[in-house]
Amino acid sequence: MIVILKKDAQKAKIDSLLQTIDALGLKTHYSQGDETTIIGLIGDTSKVDTDSLLANEIVSDVRRISEPYKAANRRFHPEDTVVDVGGVKIGQGFFSIIAGPCSIESEAQLTTIAKSVKQSGAAFLRGGAFKPRTSPYSFQGMENDGLKLLLAAKKMTGLPIVTEIMSETQIEDFEDVDVLQVGARNMQNFRLLKELGKTRKPILLKRGLSSTIEEFLMSAEYIMAGGNPNVILCERGIRTFETMVRNTLDISAVPLLKRQSHLPVVIDPSHAAGIAWMVEPLSRAAIAAGADGLMIEVHNNPKEALCDGAQSLTPESFDALMGQVAARAAFEGKVMSRHG
Ligand code: PEP
Ligand code: MN
């Protein structure tokens, strides 16, 4: 980090600033030029508050050279992280498919879908019990009853389960859930992220609708700073000016995230486009870009789905997609994770 001083900065004030930086446990490199005087901060600057430096009357600018995230940063952890969910792995060459309905609607619906996605080769079963809907009048999910059905489907199929947690008060109730999903709308629910950091649960963190890559990684950092290293990043499309798709899949997020961070990256092509026929081409793009997995919505009767029917694949189309995915993942040198 570099602090640029104002031209008329008085020596006493500069000394005081150097002392303040020293108290933060950082070394400094002071350099007085003809035109500008700068102080280089050496050490772990992730905890330095740039705003408070800027508030100092002798400071004209502060520039970060290194990223504000540390635990999630590849610079300090060059190896890819593998998140191991009871033997089912994601990352470092292990490619996992998470599939299931947007929302759990009934025992019959979930059982049918769970069996078929397992048969097709999914490594995880997803299903929303608590749904973050834009309208309070839309179906909000089956809540605790849905969670019970999901746990029963886990028992029946043996597939590890993924479901969305909306509040830190639910952590105890989600004890038997294998992967806790933090939805796009909760990516910056910092209290939730902090509490999840105190657990060792694998977390599927979805990118916020309008979040930058740095904000996304800072949210991962919240979880990891608490001591939980088991974070999986999920790109699910961002808001743009385009109206023909629900969101725009930011495919460049995959190489960017993998360059900046060691965490596994999963693509959700269902929410990214919001259109069932686009799930397949976007899945192919995700694999080619280097993703570690896919999360895909599957419904036995998309036309009647209570949530996200337009983007849901039928079990048959999901099965066909899996053939394509397996071949392409193998081409990229990935190993498809499977339960059991
Ligand atoms: C979901 O996975 O069903 C969901 C609500 O996703 P997102 O948070 O990405 O909108
Ligand atoms: Mn959905």
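This text goes with the structure placed above it.
So, how was this worked out
Residues numbered from 1 in each chain as written. Chains lettered and ligands numbered in written order. Predicted model: local features only at pLDDT ≥ 70, side-chain atom pairs only at ≥ 80, totals over all residues. Heavy atoms only, no water. Buried < 20%, exposed > 50% of the residue type's maximum accessible area, 1.4 Å probe, protein only. Helix = DSSP H or I, 4+ residues; strand = E, 2+ residues; numbered from the N terminus. Pairing = 2+ DSSP bridges. Phe/Tyr/Trp six-rings, centres within 6.5 Å; stacked < 30°, edge-to-face > 60°. Lys NZ or Arg CZ within 6 Å of the ring centre and 35° of its normal. Contact = heavy atoms within 4.5 Å. Near = heavy atom within 4 Å. Polar contact = N/O pair within 3.5 Å; in protein donor to acceptor, adjacent residues only side chain to side chain. Nonpolar A, V, L, I, M, F, W, Y, C, P; charged D, E, K, R; others polar.

**Q** Explain the pairing of strand 7 (residues 94–100) here, please?
**A** On a regular strand, one side chain projects to one face of the sheet and the next to the other, so that they alternate. Burial runs high along strand 7: six of the seven residues are buried. Two elements, strand 7 and strand 15 (residues 335–336), share two bridges in a ladder whose sense is parallel. Across the sheet, residue Phe95 finds its bridge partner in strand 15, namely Met336. Sheet topology note: the strand 7/strand 14 (residues 293–297) ladder contains five bridges and is parallel. Paired with Ile98 across the bridge in strand 14 is Met295. Note: strand 7 against strand 8 (residues 124–126), two bridges, orientation parallel. Of the residues in strand 8, the one forming a bridge with Ala99 is Leu125.

**Q** In this structure, what is going on with the packing of aromatic side chains? I would like to understand it.
**A** To describe a pair of aromatic rings, you give the distance between the ring centres and the angle between the ring planes. One pass over the structure, following the stated rule, counts two aromatic pairs. Taking NZ or CZ as reference, Lys70 lies 5.5 Å from the ring centre of Phe76, over its face.

**Q** Would you explain unusual backbone geometry in this entry?
**A** The phi torsion at Glu143 lies on the positive side, around 50°, for a residue other than glycine. On the basis of relative accessible area, Glu143 is assigned to the partly exposed category, the value being 37%. A positive phi angle, near 60°, is found at Asp308, a position not held by glycine. Looking at where Asp308 falls in the secondary structure, it is placed in the loop between strand 14 and helix 10 (315–331). Overall, Asp308 belongs to the buried group, its relative accessible area being 17%.

**Q** Would you take a moment to explain the side chain of Ser120 for this structure?
**A** Within the secondary structure layout, Ser120 lies in helix 3 (residues 107–120). Exposure remark for Ser120: the relative accessible area of 13% places this residue in the buried category. Every residue in contact with Ser120, bar those within four places of it in the chain, is listed here: Phe318, Asp319 and Met322.

**Q** Mind showing me how you'd approach the site of ligand 1 here?
**A** Near ligand 1 you find 13 residues, and of these Arg126, Ala184, Arg185, Lys206 and Arg236 are the closest. Within the side chain of Arg126, an N or O atom sits 2.8 Å from an oxygen atom of ligand 1. Within the side chain of Gln181, an N or O atom sits 2.9 Å from an oxygen atom of ligand 1. For the shell around ligand 1, the per-class residue count stands at three nonpolar, three polar and seven charged.

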